[in-house]
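Each chain, letter by letter, is given below.
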Amino acid sequence: AENRDQLVALLGAHVVPFQILADDLNAVLLSGDERELPGLEDRVVVDAERQFIEIETLNGDENIIITKVGSSFFLQTEDGGDERIEIIGTDIMTSNGVIHVIDGVLQPTS
């Protein structure tokens, strides 16, 4: 109970409030157009050079940044500096959404 707020912030940094698949990320990065994700245009931002996607997290306090290097995706918190976490498994469909497996823990900065 004493660390509930920290746990909520930590878990919220790992969850986005919508479903997004690896193919969706590829399409957005290739086109540079958020409209590749119908209905999510106001929650996803692609930089002008199509090097990264910024996505709103569930906690709403900070976003995650997703980049693609070769065929691998990496993510980091908005203010996470150079720490990048690799997405090592994608598109695991569950009854309440989709899971992407990462090889680390995102640390919320707020």
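In the block above lies the structure referred to throughout.
> Which residues make up the environment of valine 46, and what values do they have?
Secondary-structure assignment places valine 46 in strand β1 (residues 44-46). Along the chain, valine 46 and glutamine 107 lie 61 residues apart, while their C-alpha atoms are 22 Å from each other. In this structure valine 46 touches Val28, Gly32, Glu34, Phe52 and Ile53, once residues within four positions along its chain are discounted.

> Which residues make up helix α2 (residues 22-31), and what are the values?
Since the α-helix turns once every 3.6 residues, residues separated by three or four places project in the same direction. Within α2 the residues assigned to the buried category are Ala22, Leu25, Val28 and Leu29. The buried side chains of α2 occupy one side of the element, clustering within an arc of 125° when seen end-on. For α2, exposure combined with an orientation more than 90 degrees from the buried face picks out Asp23 and Leu30. Tucked inside the fold, the buried residues of α2 contact β1, β2 (52-56), β3 (63-69), β4 (72-77), β5 (85-94) and β6 (97-102). One or two positions beyond α2, positive phi appears at glycine 32, with a value near 70°.

The rules we used
- Residue positions are counted from 1 within each chain, in the order its sequence is given.
- Only residues with pLDDT of 70 or above have their local features reported here, since the model is predicted, and side-chain atom pairs are shown and tallied only from 80 upward, although totals for entire chains, interfaces and linings are computed over all residues.
- Here the side-chain values reflect all heavy atoms present in the structure, with hydrogen atoms and water set aside.
- Helix and strand assignments come from DSSP, with helices taken as H or I runs of at least 4 residues and strands as E runs of at least 2, each series counted from the N terminus.
- For this analysis, residues touch if any pair of their heavy atoms sits within 4.5 Å.
- Only protein chains enter the accessibility calculation, which uses a 1.4 Å probe. A residue is then buried if its area is under 20% of the maximum for its type, exposed if over 50%, and partly exposed in between.
- To be clear, the arc concerns the directions from the helix axis to the C-beta atoms.

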